[in-house]
Amino acid sequence: MGITSESGAPMSSSTQRPDPPYRQIVAEIRARILTGDLRPGDRMPSIRQVAQRWGVAVATATKVMAALRDEGLVEAKVGSGTVVSARTSQKQPVGPTASPRPRQAGVPKQALNRKHVLRTAIAIADVEGLDAVSMRRLAAELGVGPMSLYRHVANKDELVTQMVDEVFGEPELPIPGPDGWRAKLELICRRQWELCRRHLWLPRAVSFVRPLLVPNVMAHTEWTLRALDGLGLPMTTQIREALTLHALVVTVALSMADEVEAEQETGVTLDRWWLTQRKRADELLDSGRFPLLATIPEEAVSDLDGLFEYSLARHLDGFAALVEEQAGREGAADG
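Residues numbered from 1 in each chain as written. Predicted model: local features only at pLDDT ≥ 70, side-chain atom pairs only at ≥ 80, totals over all residues. Heavy atoms only, no water.

On to the packing of helix α4 (residues 114-128) against helix α5 (residues 135-142). Describing two packed helices takes the angle between their axes plus the distance from one axis to the other. Where α4 contacts α5, the two axes come as close as 10 Å, and the packing angle between them is 110°. Accordingly, the angle class assigned to the pair α4 and α5 is roughly perpendicular. For the pair α4 and α5, contact is made by His116, Val117, Thr120, Ala121, Ile124 and Glu128 and by Arg137, Leu138, Glu141 and Leu142, respectively. Residues that form the contact of α4 with α5 fall into these classes: five nonpolar, two polar and three charged. (Axes fitted to C-alpha atoms, helices over the stretch in contact; angles between N-to-C directions. Helix = DSSP H or I, 4+ residues; strand = E, 2+ residues; numbered from the N terminus. Parallel < 35°, antiparallel > 145°, perpendicular 65-115°, else oblique. Contact = heavy atoms within 4.5 Å. Nonpolar A, V, L, I, M, F, W, Y, C, P; charged D, E, K, R; others polar.)

Set out below in structure tokens:
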């Protein structure tokens, strides 16, 4: 039986539907890699840049990068994002009909379990960002079919929630912890700061309005509340303090994540960026309009660890005044 169009007219057997947009972009990038226009080690555009350059959705751009990874043309590199694979010089032509890469002989396939799924997803997010994590991308990394993952996580939202819970379980929260409420609060804030430094995607995955109801995240909040217990403060004040401390960590961590992402996307470090802005900065600061800004050391702005420590110290100074005021009111009442 012949193939007909919707109007009933016969269609040529050579008539084909055009490739979907993501396949067209993959073909264009693949050609540049295989012809040597993009060389091994060259930085690939980020998912956001692919979306902007080709005018597609972020989800489509994510499929582009996943397809290129599946073909072995690109790979993730810590500190650089996604780059052209060093193995591309040995590649045979590949395309939409290429067969999957065979598993290396002698390498046993690891049994799939929830922790393995989560740690693999975390590893992808640590290098490539949270947008790169998808059920399809994760399945390709694990060498399994996407449907296999649904025995462990229901969807991407649950996957991200479980990833957050997994990393919040990394630091040890000592019981009872150091002496004094201030030392305890400093400890938990610094542990969370280190988490955000290791997992730059983490600050964007948490919410204060819709908190994640998972054990390890809740354990951090409970530990903070225990540090505040016995100060005579209402529970409303205690939970607001716990959330404020977490917000302090996340706010500075977001700036840190943005800077790392900017370096990976542009290839320009913060120091090099300041060099390109030197002329404009000197023109403004030498004008005499901003005499106080002209005296600020550059490192005072770019030192995010210093900013975090300063913010934490000054906040706890203010909180100490509140604690002292509460103690004074209790003393007056007892008198």
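Below, the discussion takes up the nonpolar core. As a rule of thumb, nonpolar side chains are buried together in soluble globular proteins. In this structure, Leu68, Leu159, Met163, Val164, Trp201 and Leu202 are the most contacted members of the largest nonpolar core, which totals 70 residues. Looking at this core element by element, the count peaks at seven residues for helix α10 (residues 235-266). If sequence neighbours within four positions are ignored, leucine 159 has contacts with Val117, Leu118, Ala121, Val133, Met135, Leu138 and Val153. (Core = buried A, V, L, I, M, F, W, Y, C linked by side-chain atoms within 4.5 Å. Buried < 20%, exposed > 50% of the residue type's maximum accessible area, 1.4 Å probe, protein only.)

Turning next to the packing of aromatic side chains. The description of two aromatic rings rests on the distance between their centres and on the angle between their planes. Throughout the structure, instances matching the rule amount to two aromatic pairs. Judged by centre distance (5.2 Å) and plane angle (80°), the rings of tryptophan 181 and phenylalanine 319 are edge-to-face. Note that tryptophan 181 is positioned in helix α8 (residues 181-198) and phenylalanine 319 in helix α13 (residues 304-334), a separation of 138 residues in sequence. When the ring of tryptophan 193 is compared with that of phenylalanine 308, the centres are 4.6 Å apart and the planes differ by 5°; the resulting orientation is stacked. Here phenylalanine 308 lies in helix α13 and tryptophan 193 lies in helix α8, a separation of 115 residues in the sequence. With respect to burial, tryptophan 193 and phenylalanine 308 carry one shared label: buried. Arginine 314 extends its terminal NZ or CZ atom over the ring of tyrosine 310, reaching a point 5.3 Å from the ring centre. (Phe/Tyr/Trp six-rings, centres within 6.5 Å; stacked < 30°, edge-to-face > 60°. Lys NZ or Arg CZ within 6 Å of the ring centre and 35° of its normal.)

Attention now moves to the pattern of salt bridges. Counted by the stated rule, this structure contains 17 salt bridges. For arginine 32, the salt bridge is made with aspartate 37, and the minimal N-O distance between the two is 2.7 Å. The class for arginine 32 is partly exposed, based on a relative accessible area of 28%. Between arginine 119 and glutamate 170 there is a salt bridge, with the nearest N and O atoms lying 3.0 Å from each other. Taken together, the positions of arginine 119 in helix α4 and glutamate 170 in the loop between α7 (156-168) and α8 put the pair 51 residues apart, joining distant regions of the chain. The class for arginine 119 is partly exposed, based on a relative accessible area of 31%. (Salt bridge = Lys/Arg side-chain N within 4 Å of Asp/Glu carboxyl O.)

Before going further, it helps to spend a moment on the side chain of threonine 120. Looking at where threonine 120 falls in the secondary structure, it is placed in helix α4. The exposure class of threonine 120 is buried, given its relative accessible area of 12%. Aside from chain neighbours lying at most four places away, what touches threonine 120 is Leu138, Glu141 and Leu142.

Let's shift gears to the environment of tryptophan 274. With respect to the helices and strands, the residue tryptophan 274 is situated in helix α11 (residues 270-285). Separated by 24 residues in sequence, tryptophan 274 and glutamate 298 place their C-alpha atoms 9.0 Å apart.

The subject of this paragraph is the confidence of the model for the protein chain. Taken as a whole, the protein chain shows an average pLDDT of 81; of its residues, 83% reach a score of 70 or greater. Mean pLDDT across the secondary structure elements of the protein chain bottoms out at helix α12 (residues 298-302), with 73, and peaks at α8, with 96. pLDDT under 50 marks residues 1-9. Its contacts with residues more than four places away, or in other chains, come to seven contacts. This stretch, residues 92-108, has a pLDDT under 50; its non-local contacts, to residues over four places away or in other chains, come to 19 contacts. (pLDDT = per-residue confidence, 0-100.)

A rise of 1.5 Å per residue sets the reference length of helix α9 (residues 215-228), with its 14 residues, at 20 Å; its end C-alpha atoms lie 20 Å apart and thus fit the reference within 8%. Taken residue by residue, α9 has Val217, His220, Trp223, Thr224, Leu225, Ala227 and Leu228 as its buried positions. Positive phi appears at glycine 230, one or two residues downstream of α9, with a value of about 95°. (Expected span 1.5 Å × (residues − 1).)

Let us now look at the packing of α4 against α7. At a closest axis distance of 9 Å, the pairing of α4 and α7 adopts a crossing angle of 90°. If you check the angle between α4 and α7, you find them roughly perpendicular. Contacts from Arg114, Lys115, Val117, Leu118, Arg119, Ala121, Ile122 and Ala125 of α4 reach α7 at Leu159, Gln162, Met163, Glu166 and Val167. For the contact of α4 with α7, the residue count by class is eight nonpolar, one polar and four charged.

Inspection of the secondary structure assignment puts arginine 32 in helix α1 (residues 21-34). Ignoring anything within four residues of it in the chain, the contact list for arginine 32 reads Asp37, Leu38 and Arg53.

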